[in-house]
Each structure stands twice: as structure tokens, then as C-alpha cells.
Amino acid sequence: MVKEKDNGTAKISRRSNTKYRDSSGKIIFEDPILCSQFLRGYAGIPMLKDVHPEDIEDVTERYVHLFSEERNSDIVKKIYFKDNNSLYLVSLIEHKSDVDYNTIMQVFRYITFIWEDYEKEQERMHAGISKTKGFRYPPVLPVVFYDGIDNWTAVTSLHERVLFSDVLGKYIPNYQCVLVQLRDYSNAELMERKDELSILMMIDRVKNAADYAKLKGNVDEAFLKEVTEDSPEYLLTLMAQIIEVFLVKMNVPREEVDLFTDRIKERKVGELFKYFEAWDIQAVREEARKEVEEARIEAEKEVEEARLEAEKEVEEARLKAEKEETERGIRKMVKIIKELSGSQDTVLEKLMEEYGLTKENAEEKIALYW
């Protein structure tokens with residue numbers, strides 16, 4: 001396997017963006033080797049089939065004023081053609097993890113900014129050149145790399161986003177985005193490319209325990225060793241950094257992340273899954289969390305049942321006490337009226353009046369205590 005040479009671009013450009021570490025796509029596409037592998041293998045453009053790191057210039061900084069915290073994964077590359085270095089193509093790469101229905105318009109704004117900047121640059125060098133017949137703008141290739149779980153359902157052409165474009169089509173500008181949807185590639189297809197990017201792509205595909213189990217079953221040590229045995233040191237470090245972002249998002253403990261990434265830096269990538277049990281760990285943690293939650297719910301249930309039982313006993317005791325107190329009052333009233341008047345009719349009347357007894361109940365009490 002022929003490996004690409006390190007063209008000296010070992011530093012990772014880091015813009016002052018507070019969300020930088022959350023964007024593995026930015027790290028990938030900023031690197032010339034990984035970016036060239038992406039453009040060759042996924043863009044589907046014949047003229048890019050032979051692009052190499054030395055043909056790529058990162059010009060993202062030129063447009064950094066356009067980027068915001070929410071749009072921290074935009075990369076702009078100038079790709080030169082070997083037969084004529086004065087001719088180049090601008091590749092605008094958008095990394096999306098969620099479906100964004102306005103991506104096509106966002107990219108359109110970028111394209112116009114790129115052309116406007118190019119025009120100003122040429123005018124500074126040759127005043128009035130943009131008004132000449134032969135003046136041409138460089139082609140801009142818009143690429144959307146989507147690694148989300150669901151299918152990309154947003155439009156990929158500008159006409160689809162503009163009303164009446166079916167009727168007024170020739171009067172409305174249009175362009176088509178190259179959509180690279182990671183979920184469309186199986187692990188086997190990615191492995192056929194046998195490059196560093198294929199490893200990162202496969203790891204990026206992991207969204208749950210089932211994905212991890214599938215990846216672990218598909219990838220063997222021989223493949224991982226073959227792909228990385230001639231990788232430059234800086235690229236291994238870069239791969240470790242990208243995978244670190246992935247592991248941190250999975251809430252893997254710091255010590256486990258360090259152990260895993262050290263394997264990569266030490267060129268022990270073949271042992272990758274021997275030390276990477278992150279999803280298994282997550283499954284155990286989730287199971288433990290469920291058990292704790294179930295125990296908590298059961299404990300709360302037992303406490304509530306005990307509380308209700310205690311309340312029931314207290315209420316029964318209260319009612320019993322009230323009943324006994326009422327019974328003592330009835331007995332006492334019967335005896336007092338008997339001693340004073342000797343009239344059961346008087347007792348009957350008083351019991352019904354004072355205690356709300358029915359005639360029948362009052363007669364029973366008189367028979368019981370007279």
C-alpha cells in the first residue's frame with residue numbers, strides 16, 4: 001500500500017472557537033492527508049481522484065469572519081491541478097451531525113462570498129480585470145458531509161429551496177451539493193479504502209452499543225495494523241485526538257480515554273478493541289443505573305406503603321377511641337336520666353338529640369344500660 005507523504009503540515013489550525021473540541025469533522029478536514037483521502041474517496045468527482053495533500057491549501061482563515069459558534073465545522077480548501085498550478089477548484093466542506101434544512105442557502109451565501117473575495121483579490125492585482133470578457137471565477141465544489149443517525153432529508157439543490165423555480169428556472173441561480181452520507185457506507189466498504197480516514201469514519205458511525213458490537217466484529221487487528229504502520233507520527237496523534245473527542249462524548253472516564261489514545265500514539269492500533277470496551281462499559285453503567293433506579297422506586301414504594309399503613313392504624317385507633325368515648329357518654333346519660341326521672345322516653349329523646357342515634361339504636365342503648 002502506498003502511503004502519502006507528510007507535506008510538513010503537522011500543526012493543527014485552532015481558531016478561537018469555544019466549540020472546537022466538539023467538532024471532530026473540523027479536525028479531519030483541516031488535515032491535508034485526511035482531507036485528500038476524503039475528496040478522492042467520497043466526493044465522486046473524477047477530477048479529484050488523483051488529489052494529494054500537496055495539492056491542497058487550507059484557506060479557511062480567509063473566510064473566518066463568516067463563521068459563527070453554530071457553524072464551527074466549515075472548511076474551505078483550494079485544490080490545485082497538477083498540470084497547471086494557476087488553475088484551482090475551491091472545495092467548501094460542510095460537516096453536519098443533524099439535518100439542517102437551510103444548509104443549501106447557507107452554502108450559497110458562502111459561495112458568493114468566496115467569489116466576491118476572489119474578484120477583489122484579482123482587482124487588486126489587475127484593476128478592471130473582472131470587467132473583461134475572459135475573466136472567470138474559480139469553481140466552488142460544495143460538499144456536505146453528514147454523519148447523523150437519521151437519513152438526510154434536506155434538499156441538495158438551490159432550486160428546491162426557491163418558490164416557482166420549476167416555472168422560472170432559467171432566471172433563478174441553481175447549484176447542487178455533493179452529499180456524503182456516512183450511514184450509506186458499510187464498515188466493509190470503508191475498510192476497502194485502507195486509509196486512516198476509513199478507521200475514523202467507522203468509529204464515527206458508532207452511535208450505540210449495537211453499532212459498537214458490529215464494528216468490533218468487522219474490524220480485525222491485521223487491517224488496523226496495515227493501515228497505520230506507515231502513518232506519520234503527527235497523523236497518529238491527530239487520530240488519537242479525534243477519537244478522544246468521540247470517547248469524551250460517550251462520557252468514558254478520563255483514564256480510560258488516555259489508555260485508549262495512548263495505544264494509537266504508540267502504534268499499537270492493532271490492539272485497538274482489546275483496550276476499547278467503552279460501549280460495554282456504558283452498557284454495564286446503564287444496567288447499574290437501572291438497578292439503582294429500580295431499587296429507589298421500590299424503596300419509595302415501601303416507604304409510602306408503610307406511611308399509609310401507619311396512617312390507617314392511627315385513624316383506626318382514633319375512631320376506636322371516639323367510639324369508646326361516645327359509648328361511655330351514652331351509658332352515663334342513661335344512668336343519670338334514670339336516676340333523675342326514671343323515664344325511658346326522656347332518655348330516648350336525649351340520645352337521639354345529643355348523639356344523632358336512630359330510634360332503634362337509642363332503644364338498644366337503653367336496653368343495654370338501663
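Presented here is an overview of the structure given in this document.

Section: the packing of helix α5 (residues 196–204) against helix α8 (residues 233–249)
Remark: α5 packs on α8, axes separated minimally by 11 Å, with the N-to-C direction vectors making an angle of 5 degrees. Between α5 and α8, the crossing angle belongs to the class labelled roughly parallel. Across the interface between the two elements, E196, I199, L200 and I203 of α5 pack against L235, M239, I242, I243 and F246 of α8. Each residue belonging to the contact of α5 with α8 can be placed in one class, and the counts come to eight nonpolar, no polar and one charged.

A few points about unusual backbone geometry
The backbone of F164 shows a phi angle near 60 degrees, a positive value even though the residue is not glycine. Structurally, F164 is set in the loop between β4 (140–146) and β5 (178–181). For K194, which is not a glycine, the phi torsion comes out positive at approximately 50 degrees. Structurally, the position occupied by K194 is in the loop between α4 (187–191) and α5.

Description of a nonpolar patch on the surface
Taken together, the side chains of L163, F164, V167, L168 and Y171 define a hydrophobic patch exposed on the protein surface, amounting to about 620 Å² of accessible area. Of note, L163 is situated in the loop between β4 and β5. Residue L163 is classed as exposed on the basis of its relative accessible area, which comes to 68%.

Considering the nonpolar core
A general trend in soluble globular proteins is that nonpolar side chains are found buried together. Counting 56 residues, the largest nonpolar core has F38 and L39 as its most contacted members. In terms of residue count, the dominant contributor to this core is α8 (11 residues). Look past the residues within four positions of F38 in its chain and what remains in contact with it is F29, A43, I93, V143, F145, V180, L197 and M201. Within the second largest apolar cluster, 21 residues are counted, among which are L92, I104, Y175 and C177.

Side note on a negative patch on the surface
Side chains of D345, E349, E353 and E354 sit close together on the surface and give a patch of like negative charge. Within the secondary structure layout, E349 lies in helix α12 (residues 344–355). Note on E349: relative accessible area 53%, which makes it exposed.

A short note on the packing of aromatic side chains
What the rule picks out here adds up to 11 aromatic pairs. Seen in terms of ring centroids, F108 and Y175 are 6.2 Å apart; in terms of plane orientation they differ by 10 degrees. Their pairing is stacked. Within this pair, whereas F108 is found in helix α3 (residues 103–125), its partner Y175 is found in the loop between β4 and β5, the two being separated by 67 residues in sequence. Classification of F108 as partly exposed rests on a relative accessible area of 25%. Since its relative accessible area comes to 13%, Y175 is described here as buried. The rings of F29, F38, Y42, F145 and Y185 are connected pair by pair, giving a single aromatic cluster. Over the aromatic face of Y42 sits the side chain of R193, whose NZ or CZ is 4.4 Å from the ring centroid.

So, how was this worked out
- Residues numbered from 1 in each chain as written.
- Predicted model: local features only at pLDDT ≥ 70, side-chain atom pairs only at ≥ 80, totals over all residues.
- Heavy atoms only, no water.
- Axes fitted to C-alpha atoms, helices over the stretch in contact; angles between N-to-C directions.
- Helix = DSSP H or I, 4+ residues; strand = E, 2+ residues; numbered from the N terminus.
- Parallel < 35°, antiparallel > 145°, perpendicular 65-115°, else oblique.
- Contact = heavy atoms within 4.5 Å.
- Nonpolar A, V, L, I, M, F, W, Y, C, P; charged D, E, K, R; others polar.
- Patch = residues over 30% accessible without salt bridge, like charges linked within 9 Å, V, L, I, M, F, W, Y side chains within 5 Å.
- Areas by Shrake-Rupley, 256 points an atom, 1.4 Å probe, with all protein chains shown as cover.
- Salt bridge = Lys/Arg side-chain N within 4 Å of Asp/Glu carboxyl O.
- Buried < 20%, exposed > 50% of the residue type's maximum accessible area, 1.4 Å probe, protein only.
- Core = buried A, V, L, I, M, F, W, Y, C linked by side-chain atoms within 4.5 Å.
- Lys, Arg positive; Asp, Glu negative; His and termini not counted.
- Charge placed at Lys NZ, Arg CZ, Asp CG, Glu CD.
- Phe/Tyr/Trp six-rings, centres within 6.5 Å; stacked < 30°, edge-to-face > 60°.
- Lys NZ or Arg CZ within 6 Å of the ring centre and 35° of its normal.

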